[in-house]
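Letter by letter, the chains look like this.
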Amino acid sequence: MQNADFDAYRLSEEHEALREAVRALAEKEIAPYAAEVDEHARFPVEAREALVKAGFQAVHIPEEYGGEGADELAACIVIEEVARVCASSSLIPAVNGLGSVPILLSASEELKKQVLPSLASGEAMISYALSEREAGSDAASMRTRARRDGDDWVLNGTKCWITNAGESTWYTVMAVTDPEKKANGISAFVVHKDDPGFEVGPKERKLGIAGSPTREIYFQDCRIPGDRIIGAEGTGFKTALATLDHTRPTIGAQAVGIAQGALDQAVAYVKERRQFGKTIGEFQGVQFMLADMAMKVEASRQLVYVASSRAERGEKNLGFISSAAKCLASDTAMQVTTDAVQLFGGAGFTKDFPVERMMRDAKITQIYEGTNQVQRMVMARSLLR
Ligand code: COS
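Keep in mind that this is a model prediction, so the values were computed, not measured. (Residues numbered from 1 in each chain as written. Predicted model: local features only at pLDDT ≥ 70, side-chain atom pairs only at ≥ 80, totals over all residues. Heavy atoms only, no water.)

Draft legend 1. Fine view of helix α1 (residues 13–39). Under the 1.5 Å per step criterion, the end-to-end length of α1 is 37 Å for 27 residues, consistent within 8% with the ideal 39 Å. Along α1, the sharpest change in direction is near 50 degrees and occurs at I30; proline P32 comes one to four residues later. All of the buried residues along α1 are H15, L18, R19, V22, L25, A26, I30, A34, V37 and D38. Looking at the buried side of α1, the elements it contacts are α2 (45–54), α3 (72–83), α4 (87–106), α7 (284–312) and α9 (355–365). Among the residues trailing α1, A41 stands out with phi positive, at a value near 45 degrees. (Helix = DSSP H or I, 4+ residues; strand = E, 2+ residues; numbered from the N terminus. Expected span 1.5 Å × (residues − 1). Bend = angle between axes of the 7 residues up to and from the residue. Buried < 20%, exposed > 50% of the residue type's maximum accessible area, 1.4 Å probe, protein only. Contact = heavy atoms within 4.5 Å.)

Draft legend 2. Focus on a nonpolar patch on the surface. Taken together, the side chains of F320, L383 and L384 make up a nonpolar region of the molecular surface, amounting to roughly 360 Å² of accessible area. On the basis of relative accessibility, which here comes to 34%, the residue F320 falls in the partly exposed class. (Patch = residues over 30% accessible without salt bridge, like charges linked within 9 Å, V, L, I, M, F, W, Y side chains within 5 Å. Areas by Shrake-Rupley, 256 points an atom, 1.4 Å probe, with all protein chains shown as cover. Salt bridge = Lys/Arg side-chain N within 4 Å of Asp/Glu carboxyl O.)

Draft legend 3. Examining a negative patch on the surface more closely. Among the surface-exposed residues, E63, E64, E68, E109, E110 and D227 lie close enough to one another that they form a single negatively charged patch. Along the chain, the position of E110 falls in helix α5 (residues 109–121). (Lys, Arg positive; Asp, Glu negative; His and termini not counted. Charge placed at Lys NZ, Arg CZ, Asp CG, Glu CD.)

Draft legend 4. Highlighting the site of the ligand. Inspection of the region around the ligand gives 22 residues, with S137, K238, D245, R248 and R381 positioned closest. R248 has a polar side-chain atom sitting 2.8 Å from an oxygen atom of the ligand. Protein burial of the ligand: of its 1000 Å² of free accessible surface, 68% is covered by the chains. Of all the secondary structure elements, the ones that give two or more residues to the shell around the ligand are α6 (236–272) and α10 (372–384). By residue number, the principal contributor to the shell around the ligand is α6, which donates 7 residues. (Near = heavy atom within 4 Å. Polar contact = N/O pair within 3.5 Å; in protein donor to acceptor, adjacent residues only side chain to side chain.)

Draft legend 5. Inspection of the domain arrangement of the chain at higher detail. By the assigned domains, the chain splits into domain 1 (13–121), domain 2 (126–235) and domain 3 (237–384). On a C-alpha basis, the centroid separation for the pair domain 1 and domain 2 is 22 Å. At the junction of the two partners, domain 1 supplies 25 residues and domain 2 supplies 20 residues. Here domain 1 meets domain 2 over a buried area of about 1800 Å², counting both sides, of which 64% is carbon and sulfur. In this structure, the connection of domain 1 to domain 2 is made through 0 salt bridges. At the junction of domain 1 with domain 2, the criterion picks out 7 residue pairs in polar contact (both at pLDDT 80 or more). (Domains from an automatic or database assignment. Buried area = accessible area lost by both parts, 1.4 Å probe.)

Pasting the structure below:
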């Protein structure tokens, strides 16, 4: 799957085989727990075990670090197929990507060797810590500080909305090293959960993706070795944004998966549910809804695959395409899951069917890795540059 170019009309045989393998695993080993994981807001340990056993928890890690060396399109297919049955579980491969791409893009060889093999083996997971309470969309206004102390770095501050915090061993953390230089005074670091002065906060109580813990993380004179800086001092914000250029398509893939899951549920339901003496799928009004849903899902999928393939090729100026993929796919997921609930009628509003969970899970895809307003800013800046 390495360096495979995406052909807009046909995936490579390897990508198709990967999709089949992930779909089979997801249906057998992840789907049966999805409702209960959501209900109890518990981490999907079964999904983690199944993904690690099959080598799907971080397929993008290069072979030289013990990984599968799969391309970014393959990483999207894994996330999409897991999200189709359980969005919370799809955050295992997605956030392993988000946390590790800064390292892959910018870290020293020594730091790559410290972190990446543990992700490839499944022994560890990694989270990404950019946001703060007062620095969400305006990420460059962060306050978390890192200062040199002898050979070490010492971090102080709080990061928030950190996906999989508490489950992850490693954390990629952006912090201010020179407040005078604004965005160019931010550096990126890797923190280990056992580093002194590092702690995780309580779980947020959320609308969706309840199985994936979201927490604050705290640094109180948190001391890390000097070689845990990612790249040169002052390059952390650029690394953070370059990372998002690569990973926003993966959120698009998650959104496509959630939407496809809801569409599949709706198609099956309208063929069974009878009203006025026939199945509701026989009504043209319902058929038109299904057609619109499927059309938007497919358009989103194509854009996500193109964006991830262009990111894989290392093209410059990925901002427009990766934001467009994330934005279109997540807006689609919200529409399609809402329509799926509508097609289920009263049943769709109950927890007896998965579409209400999918609708709640879809909402976050319009918010995280940059709100869809930020995506539109990025797209517009690219147009007007
Ligand atoms: N890759 C690399 N560097 C980039 C970049 C990219 N995609 N986009 C911008 N930069 C560089 C700029 O060139 C600038 O460097 P110079 O001053 O040397 O030219 C620097 O980064 C700052 O860029 P800019 O001034 O455009 O930053 P802003 O503060 O205006 O922020 C947005 C830009 C809003 C797009 C950015 O803050 C953002 O994406 N915010 C949302 C954050 C987010 O997604 N949060 C979710 C967290 S992950 S769940």
